[in-house]
Amino acid sequence: NTAEESREKKQFDVIVDKGLMDALMCGEGFDLERLMGSVNDVLTHREWGVHVLICFQLSKASKQGLAEFGNSESDPSLMWDFDIPVEGSENGRACFNMAQRCRGQGASGLGIDKQLATEWI
């Protein structure tokens, strides 16, 4: 086994975070960069890699941090789409956010059917 084969065996096409970020943000010393670095390590670097983040409403600073990290730390980039409407979540407490790997396409290049993605949640 080469190092590349070993790394690929430990990667996933989809990562779903439902509440982990919320729990970590409540504690002292939360490190968004460290969390996202770990996600980056295990999310496939192929262009179909998807990170689903279900959490309480994100602050502008958190959204900016996620977007900046996704653009700077990985190839292909991890492009975010925040606050995707989900039927039944009109109370405004939870939000559905999704990122997909893409090369030079920008956020508008996400190839995921967001309606389909939110229906299975």
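Residues numbered from 1 in each chain as written. Predicted model: local features only at pLDDT ≥ 70, side-chain atom pairs only at ≥ 80, totals over all residues. Heavy atoms only, no water.

Moving on, we come to the sheet that holds strand β2 (residues 50-56). Picture the strands of a sheet paired through backbone hydrogen bonds; they go either parallel or antiparallel. Spatially, the four strands line up as an open sheet ordered β1-β2-β4-β3, and their pairing is mixed. The open sheet has two free edges, formed respectively by β1 (14-18) and β3 (77-84), since each of these has just one partner strand. The sheet shows a mean angle of 15 degrees between the axes of neighbouring strands, direction not considered. Here β1 runs beside β2; their pairing, made up of five bridges, is parallel. If you follow aspartate 17 over to β2, its bridge partner there is leucine 53. Contacts from helix α4 (residues 60-72) reach β2 and β3, with the element oriented near 155 degrees to β3. (Pairing = 2+ DSSP bridges. Helix = DSSP H or I, 4+ residues; strand = E, 2+ residues; numbered from the N terminus. Axes fitted to C-alpha atoms, helices over the stretch in contact; angles between N-to-C directions. Contact = heavy atoms within 4.5 Å.)

Okay, the confidence of the model for the protein chain next. For the protein chain, the average pLDDT comes to 79, and 71% of its residues sit at 70 or higher. Per-element confidence in the protein chain is highest for β1, whose mean pLDDT is 94, and lowest for helix α5 (residues 114-119), whose mean pLDDT is 53. Segment residues 105-109: pLDDT under 50, and three contacts once partners within four positions in sequence are set aside and those in other chains are kept. (pLDDT = per-residue confidence, 0-100.)

Within the largest apolar cluster, 16 residues are counted, with the highest numbers of intra-cluster contacts made by Met21, Met36, Leu53, Leu58, Leu66, Leu78 and Trp80. Elements with a minimum of two residues in this core: α3 (32-42), β2, α4, β3 and β4 (94-102). When residues in this core are grouped by element, the largest group, four residues, is from α3. Beyond its immediate chain neighbours, meaning those up to four positions away, methionine 21 contacts Phe30, Leu32, Leu35, Leu53, Leu58 and Leu66. Ranked by size, the runner-up nonpolar core spans seven residues in total, among them Val52, Ile54, Ile84 and Val86. (Core = buried A, V, L, I, M, F, W, Y, C linked by side-chain atoms within 4.5 Å. Buried < 20%, exposed > 50% of the residue type's maximum accessible area, 1.4 Å probe, protein only.)

Time to look at α4. With 13 residues, α4 ought to run about 18 Å at 1.5 Å a step, and its terminal C-alpha atoms sit 18 Å apart, in line with that. Ser62, Lys63, Leu66, Phe69 and Gly70 are the residues of α4 that are buried. Down the axis of α4, the sector holding all buried residues measures 135 degrees, keeping them to one side. Away from the buried face of α4 by more than 90 degrees, exposed residues Lys60, Ala61 and Ser72 are located. (Expected span 1.5 Å × (residues − 1). Arc of directions from axis to C-beta.)

Moving on: α3. Within α3, burial applies to Leu32, Leu35, Met36, Gly37, Val39 and Asn40. Buried residues belonging to α3 abut β1, α2 (20-26), β2, α4, β3 and β4. Near the N-terminus of α3, the side chain that reaches the backbone nitrogen of glutamate 33, with its oxygen 3.2 Å away, is that of aspartate 31. (Polar contact = N/O pair within 3.5 Å; in protein donor to acceptor, adjacent residues only side chain to side chain.)

For the coordinates displayed, the defined rule picks out zero disulfides. This cysteine, cysteine 55, is not joined by any disulfide, and cysteine 95 carries the nearest cysteine sulfur, 4.0 Å off. (Disulfide = S-S within 2.5 Å.)

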